Amino acid sequence: MTNSRGSAGQLTAADARNEGSPDLNGNGSTADARDSQSPPPDTGATNGRDTAALADTSDTLLKRYPGQEQETQRICLRDSQFEEEQVVRLLLQELHDRGFTDTFNQLQRESGFTLENEPVSQFRNSVLAGEWSKVKDSLSTIGIQTPDNLNAALFLIKRQQFLELLEARQLKQALLVLQNELSTLTNDIQQLHRLSGLLMCPSVEDLRTAADWDGSSGRSRFVVLESLQTYISPGSMVPVHRMETLFGQALAYQCDACKYHVRPANQGLYIDHMCPTSVFPQELQFSLKGHQDEVWYVAFSPDGRYLASGSRDKTCIIWSMSDFSIVHRFNGHQNEVAYIAWSPNSKYIVSASSDRTLRLWDVEDGTQMQVFSGHEETVTSCKWLGTNDRFISGGLDHRIIIWDINGTIVKQISSPRVHDLAVSSDCSLLLVADEKTDIHAYDLTTLTFMYSLNEPVEVMSMALSADARYCITGLRNGELHMWDLDTRTLVRDFSGHTQGQYVIRCTFAGQDDRLVATGSEDGLLFVWNRNTGQLLARLRGHTKTINVCTWSDKAAALATSSDDKTICIWPAYRGAPSHRPDSTDDLSTSDDDDDESHADDKSMVSGAHSTTSIDMF
Amino acid sequence: MGYMHQTFLDGKGVFACRDCHTHFTLRKSIESRQYSGQYGRAVLLSDIVNVRVGEPDKRSMTTGMHIVQDIYCMRCNKYVGWTYVRAFEPEQKFKEGKFILERELIYDISRECIRDSSDWIE
């Protein structure tokens, strides 16, 4: 349906208020070609309205609407690039779903469009009522495009009928459906075998579990309707929640376009989401001192209340994120600590060391709970497996070990020498960076090898995004690569930092992993936008190489640790963290709460000084 | 000086730290055996792994004045030798960028018995 209103020109509310505008005649809007609608009004009526319209403001024009049943006098205030039929039918769907039946009917009357024509409505109702013969008959009327689709749709319907007959224990009729109808509709023999196997189910509960089906009184009929949607042209039956889907897409687009995306998109639908520059981490809030040697790992607890750090001085320290004091110092390792992993409940940490052991520490008590011996060389990496009682570790001894927290080995796998491990959040994917130049992906549930990603030089560090879609690798030649794991291709390259033979860890940061951050040998922290690859900031706060950087959504901050024995915290000002003074727009107030330099070396906390600087882009 | 992954060498004649068995070099990297260090005989190497360097130091050696950096085992932090940063005599320039390991402090891991210096004879 073409928009013939174009001839009348662009109608806007402002124009409507302009008394001299000739476009107020409104005859443009009524000249639309609508299916079976009343013909355009004769000029007499519009002429009469000309003078009246010219004298009116838009408010009184609108006041004419409510009571008017005659579509011919509807005045559309503006042009739109989208077809009126589609927009109105989406509105109808929303009104219907939200229960505004009066308005729904009124809108149908006033616009002349219906959400679904009669056959489709009947089809929908008969599916939901389970009247299968009616359903079969009406299938041809609802606009299915091809015979293949017709068969597929019929198969779905017959399958539902079959299952319902089984549920009602009418086995003979179910068998008839299977033999006479289902078998002719598909070539998928396995499917047919599975369905015939269901005939053997002794009870209805067994049937439900075996078929993954929740019964005729459950949601299964809705599910069938939704699957049928794929075969029916969207014009006949509007896809469910279509307007909500479109809103979601718009929001996703705004988030993609947001340069400094560190805040969730919660501004609603009236304004576009855009994180302002001020919320991006750009000020060094605190510099945590307490280690006696280079700090080689730092990690936030999942609840954002603590930060754990591991160092070359053989200890781990737990820092509180509310007052930045040292909560615990864990002594016990015989050699440097290079990796720490927090349990999902934020109660334990596991630390891995070159003394070939891992140790489990209780963060609440401050005690060492368990020592895990089993690796014959340095343990390089460890990650928890989704629960609070199992974790996986990899070492340079060609071993990957799955441990139980009581100290026993659950499984031991031989592998290439492990430099780094990553586990997806649903624990189905395991990535292993080996000592050479490859990253191997394993299915963690079956421990089978899936594929490898090849880099040109040695992989120094690796990080996996939360949705397990992207993986970034830091290489020995100073490049930072991003791989898309769905297509297994290299999609982006980030540059600007320096990296050589020392391990400098990279991480995803920001809201929904939209940023990529890594340290550098020149002591700067680099942050890029993941989608555009644009360098967003270079943050200076360390005097030596930055080894690790990490981000926490809950703590809303970046943390970096360095060879200069300190850890720097860079908060994103979201207004949420409780320790932040409430003046989110005044960056200088952080000096207030940190003149607490202790005489001993327990913890020295200092605020933003002139030694820090940032370059923002 | 940052975290480094320990490297493992494959090949004939891997020389490693006597205390912690960390690999340092392969036999084929040895360029000369006619050197001496604080503990006795030492070898000159072109390549080395798993060591950290210390601060540059100006030292007078039998062959002249040099700037050297002591090297330490990555795992146990023990002194194992040094590397030449700069040689002041023109004839000694070839040593720049090369490494010295003291034979007392390393051993050939393919041979079990490590005390006798006659092990060095192939």
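Look a little higher up for the structure.
Anyway, here's the lowdown on the structure attached to this text.

Cut-offs and rules
- Residues numbered from 1 in each chain as written.
- Chains lettered and ligands numbered in written order.
- Predicted model: local features only at pLDDT ≥ 70, side-chain atom pairs only at ≥ 80, totals over all residues.
- Heavy atoms only, no water.
- 1 Å grid on protein atoms, 1.4 Å probe; cavity = no way out; pocket = protein on both sides within 12 Å on 5 of 7 lines; lining within 4 Å.
- Points joined across faces, edges and corners; volume = space filled by probe spheres on them.
- Nonpolar A, V, L, I, M, F, W, Y, C, P; charged D, E, K, R; others polar.
- Core = buried A, V, L, I, M, F, W, Y, C linked by side-chain atoms within 4.5 Å.
- Buried < 20%, exposed > 50% of the residue type's maximum accessible area, 1.4 Å probe, protein only.
- Contact = heavy atoms within 4.5 Å.
- Buried area = accessible area lost by both parts, 1.4 Å probe.
- Salt bridge = Lys/Arg side-chain N within 4 Å of Asp/Glu carboxyl O.
- Pairing = 2+ DSSP bridges.
- Helix = DSSP H or I, 4+ residues; strand = E, 2+ residues; numbered from the N terminus.
- Axes fitted to C-alpha atoms, helices over the stretch in contact; angles between N-to-C directions.

So, on to empty space enclosed by the protein. Applying the stated criterion across every chain, the model contains five cavities of 30 Å³ or more. In this structure, the largest cavity encloses a volume near 100 Å³. In terms of lining residues, the largest cavity is bounded by 13 residues, among which Glu336 and Ser354 of chain A together with Tyr3, Met4 and Met74 of chain B are the most central. Along the lines of polarity and charge, the residues of the lining of the largest cavity split into six nonpolar, four polar and three charged.

The subject of this paragraph is the nonpolar core. All names here are of chain A. Grouped together as the largest cluster of nonpolar side chains are 44 residues, with contacts concentrated most on Leu307, Ile349, Leu358 and Ile569. The contact partners of Ile569, leaving out residues within four places of it in the chain, are Glu283, Leu284, Gln285, Phe286, Leu288, Leu307, Met321, Phe324, Ala557, Leu558 and Ala559. Judged by nonpolar contacts, the second largest core, of 34 residues, contains Leu139, Leu178, Leu225 and Ile232.

On to the interface of chain A and chain B. Each side of the interface is counted separately: chain A has 21 residues, and chain B has twelve residues. Between chain A and chain B lies a buried interface of about 1700 Å² when both sides are counted; carbon and sulfur atoms form 49% of it. It is Trp296, Tyr502 and Val503 of chain A that lose the most area in chain A upon contact with chain B, and together they represent 28% of the buried surface on that side. In this structure, Arg75 of chain B engages Glu377 of chain A in a salt bridge whose closest nitrogen and oxygen atoms are separated by 3.8 Å.

Another aspect to go through is the sheet that holds strand β11 (residues 390–395) of chain A. Residue and element names in this part refer to chain A. Strand order in the open sheet formed by four strands is β10-β11-β12-β13, with antiparallel pairing between adjacent strands. Each of the sheet's edge strands pairs with one partner strand only, and the pair in question is β10 (379–384) and β13 (409–414). Sheet twist, expressed as the mean angle between neighbouring strand axes with direction ignored, is 15 degrees.

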